Amino acid sequence: MIDTNVLLVANGSHPDVSAACRSECVARLAARKKAGVVVIDDAYRILREYQKKTQPNQPKGAGDVFLKWLLQNAANPKRVHRVALTENPPEEFQEFPDARLQRHFDASDRKFAAVTHAHPDKPPIWQAADCKWLAWWPQLQACGVKVEFLCPLDVQQVYAAKFPNREAPGLPDGA
């Protein structure tokens, strides 16, 4: 499961991250194109979000190239798993792992946690620099949903810049 900000960081569209973070995101996307499976929802909510925030018809960055590959492989079950979600009301999902947490979650991010939770393998959610996930990962992990921070130092620095009077929440072990 790949959060949109991983594609944006790979494209160089996130000015607050390090070159090392961008390299990590580029490498992860390239590796996933070569092997492995990408998980999306059955109504293409995730793909639509990717398309709104990138330029897949004019590949410029690694995120754009990855999205173009994903669009070309969306119907290939060996490379892309589509997970059914039950949405009601808009941007609230029955498959979300914790109903109480869903109310505090950004509406646009709920689909990622819901898809991961509904997938039988519970793939980790790749996260680059969206610092809101620092507050959410412990409750998600308690429900069996793992958040993998690809750029732990960067996400903590983004948090510190966004919330200068708060201490950044901790990261999962191994991040």
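Owing to the predicted nature of the structure, the values given are computational and were not obtained by experimental measurement.

Caption draft 1: View of the pattern of salt bridges. Evaluated as defined, the whole model comprises nine salt bridges. Glu148 is paired through a salt bridge with Arg28; the nearest N and O atoms lie 2.9 Å apart. One end of the pair, Glu148, is in strand 4 (residues 147–149); the other, Arg28, is in helix 2 (residues 19–34), with 120 residues separating them in the sequence. Relative accessible area serves as the criterion here: at 22%, Arg28 is assigned to the partly exposed category. For Asp130, the salt bridge identified is with Lys132, shortest N-O distance 3.0 Å. A relative accessible area of 13% places Asp130 in the buried class. According to the relative accessible area criterion, Lys132 is partly exposed, its value standing at 24%. Counted as one network, the salt bridges with shared partners bring together Asp41, Asp42, Arg45 and Glu87.

Caption draft 2: Spotlight on helix 7 (residues 133–142). Those residues of helix 7 lying buried are Trp133, Leu134, Trp136, Trp137 and Leu140. Projected down its long axis, helix 7 shows its buried positions confined to an angular sector of 150 degrees, all on one face. Those residues of helix 7 that are buried are in contact with helix 5 (99–102), helix 6 (110–118), strand 3 (125–127), strand 4 and helix 8 (152–162). Just downstream of helix 7, Gly144 is the residue with a positive phi angle, here 90 degrees.

Caption draft 3: The arrangement of the state of the cysteines in detail. One pass over the structure, following the stated rule, counts one disulfide. Through a disulfide, Cys21 is tied to Cys151; the S-S separation comes to 2.1 Å. Disulfide Cys21-Cys151: the torsion about the S-S bond is 90 degrees, which places it as right-handed. A residue pair is termed long-range when its members are at least 10 positions apart, and Cys21 in helix 2 and Cys151 in the loop between strand 4 and helix 8 qualify at 130 residues. The burial state of Cys21 is the same as that of Cys151; both residues are buried.

The rules behind these values
Residues numbered from 1 in each chain as written. Predicted model: local features only at pLDDT ≥ 70, side-chain atom pairs only at ≥ 80, totals over all residues. Heavy atoms only, no water. Salt bridge = Lys/Arg side-chain N within 4 Å of Asp/Glu carboxyl O. Helix = DSSP H or I, 4+ residues; strand = E, 2+ residues; numbered from the N terminus. Buried < 20%, exposed > 50% of the residue type's maximum accessible area, 1.4 Å probe, protein only. Arc of directions from axis to C-beta. Contact = heavy atoms within 4.5 Å. Disulfide = S-S within 2.5 Å.

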